[in-house]
Amino acid sequence: MVKVFWAFVKKEFYHILRDKRTLLILFGMPLAQVLIFGYAVTNEFRDAEIDVLDYAKDETSEQYINHLQSSGNFRVRRILASQNEVEEGMKGGKTKLVVSIPENFSEDFYAGNPIKIQVVTDGSDPNNANTLVQYLTEMTQSFQRLKRNEVPNPYSIQVASRMMYNPQLASAYNFVPGTIALILLIICAMLTSLTIAKEKEIGTMEILLVSPLSPLLIILGKVAPYALLSFVNAVIVILIGFFVFEVPVLGNTLLLLGMCFLYVLTALSLGIFISTTVKTQQEAMMKSLMGLMMPSMLLSGFIFPLASMPVILEYIGKIIPATYFIRILKGVMLRGVGLNFILFEVGVLLVMTLGFLLLSWRNFKIRLE
Amino acid sequence: MKAISIHNISKSYNGTKALDNISFDVQRGQLFGLIGPDGAGKSTLFRILTTLLLADEGEAFVDGLHVVNQYQEIRKRVGYMPGRFSLYQDLSVEENLSFFATIFGTTIEENYDLVKDIYVQIEPFKKRLAGKLSGGMKQKLALSCALIHKPTVLFLDEPTTGVDAVSRKEFWDMLKSLKEKNIAILVSTPYMDEATLCDEIALIQEGRILKIDEPQNMMERFDKPLFAVKTNSTYQLLKHLRLKPYTHSVLPFGECLHLITSEVLSAANIQEQLKSEGFTDVEVFDIKASIEDVFLDLSLKNEKYA
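Residues numbered from 1 in each chain as written. Chains lettered and ligands numbered in written order. Predicted model: local features only at pLDDT ≥ 70, side-chain atom pairs only at ≥ 80, totals over all residues. Heavy atoms only, no water.

Next up on the list: the pattern of salt bridges. Residue and element names in this part refer to chain B. Following the criterion strictly, the structure yields 32 salt bridges over all chains and no others. For the salt bridge of R77 with D63, the shortest nitrogen-to-oxygen distance reads 3.1 Å. Remark: D63 occurs in the loop between β4 (57-62) and β5 (65-66) and R77 occurs in helix α2 (residues 71-77); sequence separation between them is 14 residues. Given the relative accessible area of 29%, R77 is considered partly exposed. For K126, the salt bridge is made with E94, and the minimal N-O distance between the two is 3.8 Å. Within this pair, whereas K126 is found in the loop between α4 (112-122) and α5 (135-147), its partner E94 is found in helix α3 (residues 93-103), the two being separated by 32 residues in sequence. Ionic contacts of the salt-bridge type, sharing partners, join the residues R28, D63, E73, K76 and R77 into one network. (Salt bridge = Lys/Arg side-chain N within 4 Å of Asp/Glu carboxyl O. Helix = DSSP H or I, 4+ residues; strand = E, 2+ residues; numbered from the N terminus. Buried < 20%, exposed > 50% of the residue type's maximum accessible area, 1.4 Å probe, protein only.)

Another point: the domain arrangement of chain B. Domains assigned within chain B are domain 1 (4-214) and domain 2 (223-288). The distance between the C-alpha centroids of domain 1 of chain B and domain 2 of chain B comes to 40 Å. (Domains from an automatic or database assignment.)

Our focus in this paragraph is empty space enclosed by the protein. Counted under the stated rule, the structure contains three cavities of 30 Å³ or more. Estimated volume of the largest cavity: approximately 140 Å³. Residue lining of the largest cavity: 18 residues in total, with I207 of chain A together with Y80, M81, P82 and A146 of chain B positioned closest to the centre. Broken down by secondary-structure element, the contributors of at least two residues to the lining of the largest cavity are β6 (78-81) and α5 of chain B. Tallying contributions element by element places α5 of chain B first for the lining of the largest cavity, with four residues. Among the residues making up the lining of the largest cavity, the classes are represented as twelve nonpolar, five polar and one charged. What lines the second largest cavity is S249, L251, F253, H258, I260, D293, L296 and D297 of chain B. Mapped onto the lining of the second largest cavity, the elements with two or more residues apiece are β12 (247-253), β13 (256-261) and α10 (291-305) of chain B. (1 Å grid on protein atoms, 1.4 Å probe; cavity = no way out; pocket = protein on both sides within 12 Å on 5 of 7 lines; lining within 4 Å. Points joined across faces, edges and corners; volume = space filled by probe spheres on them. Nonpolar A, V, L, I, M, F, W, Y, C, P; charged D, E, K, R; others polar.)

Residues and elements named next belong to chain B. On the basis of which strands lie adjacent, the open sheet formed by four strands has the order β2-β1-β4-β5 and antiparallel pairing. Every interior strand has two partners, whereas the edge strands, β2 (16-26) and β5, have only one. Both β4 and β5 contribute to a ladder of two bridges, which runs antiparallel. Paired with F61 across the strands is H66, a residue of β5. Where helix α1 (residues 42-49) meets the sheet, its contacts fall on β1 (4-13), β2 and β4, and the angle it forms with β1 comes to roughly 120°. (Pairing = 2+ DSSP bridges. Contact = heavy atoms within 4.5 Å. Axes fitted to C-alpha atoms, helices over the stretch in contact; angles between N-to-C directions.)

Let us look at a nonpolar patch on the surface. Judged by side-chain polarity, M285, M286, L289, M290, M294, L298, I303 and F304 of chain A come together as a nonpolar surface patch covering roughly 700 Å² of accessible area. Judged by relative accessible area, which is 33%, L298 of chain A ranks as partly exposed. (Patch = residues over 30% accessible without salt bridge, like charges linked within 9 Å, V, L, I, M, F, W, Y side chains within 5 Å. Areas by Shrake-Rupley, 256 points an atom, 1.4 Å probe, with all protein chains shown as cover.)

With that out of the way, let us pick up the environment of F8 of chain A. Its location among the elements puts F8 of chain A in helix α1 (residues 2-18). Under the relative-accessibility criterion, F8 of chain A is labelled buried at 0%. Sequence spacing of F8 of chain A and M286 of chain A is 278 residues, and the spatial spacing of their C-alpha atoms is 27 Å. Excluding anything up to four places from it in sequence, F8 of chain A contacts L208, L213, I218, G221 and K222 of chain A together with F99 of chain B.

A word on the UniProt feature "transmembrane region" (unreviewed entry) in chain A. All names here are of chain A. Per the UniProt annotation, the sites labelled "transmembrane region" (unreviewed entry) are residues 21-41, 172-191, 226-247, 254-274, 294-316 and 337-361. Measuring from the first to the last C-alpha atom of residues 254-274 gives 30 Å, for a span that is 100% helix and 0% strand. In residues 337-361, the share of helix is 76% and the share of strand is 0%. The end C-alpha atoms are 35 Å apart. (UniProt positions renumbered as here; feature names shortened; annotations may be inferred.)

Written out as structure tokens, the structure is:
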């Protein structure tokens, strides 16, 4: 029995190692995803190019412009000459924001008169525009404090906010757990459903069935290598997150690995379940891409928060394994919680795994039809 | 105990009968051929016997075991080679063979005797990937894989389809030597010329068995007058003969026409007649029936029947 199992696993490794496509999905995809999410898909930005329309052209306005650039978030591209040029840079997509400083800036500033600084942004990219305006407002306020040496007004309410667990609002804190959840799902669910569908498609399933192998052994033999490889992948992503993007692992490492393993099992059982419902690789691909990838990416709370979704999407989000795994990961990695804080999520994943296995067991055909 | 025993098996797909009341037996050490064109139901029957499909009606036993109730036991002891090449193309010759040996709980060394004659021919290429083998070699590898666990019954579904003439002959020689090892072999083929290489054959068409007999008997017992007619204007002659009152059936056969008459006539007689009717180059011979003649004659009857 053990010998047969190893023969199966060995055969599966040959398939994986000799197929460039599988290899690419296995090892290229995690790397590409981490790097794409890490460097491209992020709300932080540096050196956003801005134009300045300076009507004042005095000492203080110059200091103000320098102050804006000092943070590293903004870089002045052009000093505009007139109102007519405001749109120009934005239309060309070069300028993200235009700051217009009114006349008599210096005088009004030190006289304590109200000053209005006009800010124009490119609303076609609302997320970015919002963030830029926020940054600019902050910089303006800090400029004001700096110059006036202001004592805080004793009669005003000051909001002192602190972002716990992610003080710098680094987006890596969000995408590393999300990427792990996605990658494990893709590798486990998609690749296992593909590899089982492939045996059906090329006809080898027919021979495997007419052999002493039990269905359980066929399935275990097929998924074991993928379980191992996806676990390795999870560890790689956590390591990249830790060393490259400085995402901490505050919780117990063993607990974290255990949770990854649990999720691997959930994804595998899902993949097996998909494979029992399809006959061809193409079908398996469609089902796992449309049915798993898209919802897991969009509805798991990875990219958009679940709470702000229409009720029906929120409920769909609640039946996606990735939703719970991302919560577990964030808890263990970022907040450093122990098992007792994530019992509910762990329970849900366990129930899902058992459910999928039961369904697959009922669906597995010991014959061809 | 019979190696295979089939009783009144029927099977339909969406209302179309794929198999209609099939019954026959295969003895131990017998090479039994299932001869019929594509779509005759051969593969369906193979899959029922290898426990992959359930028949709608009837029962079948393989090695004395019931194909439905005792399917697990059957799966341990039969060898099955499906119609399509179904080995792992991305595994080498040796890896394929050793994988199938292992899942049947044996090793290549243990049963090397059995596959030796076949395997030596592909052994020089044992490091080559199965997908890169020629058609004939693929079939030899598939046969080795089906044999490696010493099956008592061997099911070969169209093993020579798409294989060159030389390899086909080699393949049949191997089957002959296998049955001497007391393995029962059920083999299907669409090639009529291969029928004579079997001990016993069943002619099958549209899910029905037309006839079961030893191929020699089948050919000898064909009792209708049969002639080969040769001319350069084959198509005109075919049309012409179809209208003749003495014609039972006339069918193109390679470069000849095979004519079965409903009355007893001599070859010379027919030749004279046809010459006088304008086919000056015509030649007519008496011939012995081949399996194909038998099959075509029976299938004509079957069509009238249906």
